[in-house]
Each structure stands twice: as structure tokens, then as C-alpha cells.
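Here is how the chains run, residue by residue.
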Amino acid sequence: GIKDTKKNNEVHRQLLRHFLTSSRHILNKTGEIHVTIKKGEPYESWNFARIVRETENLRMKRCDDFFPHLYPDYRHRRTLGAQFVSEMKGGPEANSDILQAGSRTYAVVICSSEESKHE
């Protein structure tokens, strides 16, 4: 990973911007984009809600806490490697770090033409 926190945050913000920009072109009027981000730093510095506001024709519909136990095969990316092996040997649960810090799932939708005119 990138050691420079400011640069690392900007790289992640850029990834999220590009993802939203490309996703809006394939999203239908009833569809939703769901993005789950861990709470705390550096993740909150990505300022996902602001990125959504700055992305043309998209708006935040809701933000909910994420509960990994509702997705039995879910494994947090950072824990899938070494921690997955550690878990198999009696180490910490694979999702323990996101269970402690928590995560949020953001639901993003296309703005109606009326909403776009008023923003």
C-alpha cells in the first residue's frame, strides 16, 4: 500500500469517483449502487458522501450500518490473507476488525430530472 496517508486517501477517493461515474451509466432508474466502507480513519477521510454529492446525476438514498453476519461467506479483504490462515489455526475471526470498528453501507441512486434541477 501507499505509505503517504494523504496520497493514499486521494487514490481511494479517485477510485470511488471513477466507480460512481462509470456505474451511473449502467444504473436504471430503480437501481441502487451499494458501497460499504469501514468506519474510522483513514476511511472517513475518503468522505464518500461528498463524492456522491459531487457526482453528476447521483444522490445518497440512505446509509446503514453493515452487519457481516448477514452475509455468511463475507470476508473483509484485509483479513482474507494472513488472518484467514490464522483463523484456521485458532486465531481471530476473519471479520473481527470490522466488527470492532463497524462499517457503513451507502445506497446511491440516480437523481430524477426534478431533483437534478433543484440542486
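In case you missed it, the structure is sitting above this.
Residues numbered from 1 in each chain as written. Predicted model: local features only at pLDDT ≥ 70, side-chain atom pairs only at ≥ 80, totals over all residues. Heavy atoms only, no water.

## Structural notes on the pattern of salt bridges
For side chains of opposite charge, pairing can occur when their charged atoms come near one another.
Piece 1. Scanning the entire structure with this criterion turns up eight salt bridges.
Piece 2. Between Asp64 and Arg62 there is a salt bridge; the shortest N-O distance is 3.0 Å.
Piece 3. The partly exposed category is assigned to Arg62, whose relative accessible area is 32%.
Piece 4. Residues participating in the shared-partner salt-bridge network are Glu32, Lys61, Arg62 and Asp64. (Salt bridge = Lys/Arg side-chain N within 4 Å of Asp/Glu carboxyl O. Buried < 20%, exposed > 50% of the residue type's maximum accessible area, 1.4 Å probe, protein only.)

## Examining the packing of aromatic side chains
Piece 1. Counted by the stated rule, this structure contains three aromatic pairs.
Piece 2. Ring centres of Tyr43 and Trp46 lie 5.3 Å apart, and the angle between their planes is 75 degrees; on these two criteria the pair is classed as edge-to-face. There is no split in this pair, since Tyr43 and Trp46 are both buried.
Piece 3. A ring pair is formed by Phe66 and Tyr71, whose centres lie 5.5 Å apart and whose planes are at 15 degrees; its orientation type is stacked.
Piece 4. For Phe66, a relative accessible area of 13% gives the class buried. (Phe/Tyr/Trp six-rings, centres within 6.5 Å; stacked < 30°, edge-to-face > 60°.)

## Thoughts on the sheet that holds strand β1 (residues 33-38)
Piece 1. Here three strands make up an open sheet; going across it, the order is β1-β3-β2 and the pairing antiparallel. Unpaired on one side and paired on the other, β1 and β2 (58-65) mark the two borders of the sheet. On average, each strand axis in the sheet is inclined to that of its neighbour by 25 degrees, with strand direction left out of account.
Piece 2. As paired strands, β2 and strand β3 (residues 103-110) are joined by seven bridges and run antiparallel to one another. Bridge pairing in β3 links Met60 to Val108.
Piece 3. Each of β1 and β2 touches helix α1 (residues 5-23); the most contacted strand, β1, lies at about 165 degrees to it. (Pairing = 2+ DSSP bridges. Helix = DSSP H or I, 4+ residues; strand = E, 2+ residues; numbered from the N terminus. Axes fitted to C-alpha atoms, helices over the stretch in contact; angles between N-to-C directions. Contact = heavy atoms within 4.5 Å.)

## Considering a nonpolar patch on the surface
Piece 1. Among the surface-exposed residues, Phe67, Leu70 and Tyr71 lie close enough to one another that they form a single nonpolar patch of about 330 Å² accessible area.
Piece 2. Looking at the element boundaries, Tyr71 is found in the loop between β2 and α3 (77-80).
Piece 3. We classify Tyr71 as partly exposed; its relative accessible area is 45%. (Patch = residues over 30% accessible without salt bridge, like charges linked within 9 Å, V, L, I, M, F, W, Y side chains within 5 Å. Areas by Shrake-Rupley, 256 points an atom, 1.4 Å probe, with all protein chains shown as cover.)

## What to know about the pairing of β3
Piece 1. Burial analysis of β3 places six of its eight residues in the buried class, the great majority of the element.
Piece 2. Strand direction decides the pairing type here: β1 and β3, joined by six bridges, are antiparallel. Paired with Thr36 across the bridge in β3 is Thr105.

The values are spatial; any link to function lies outside them.
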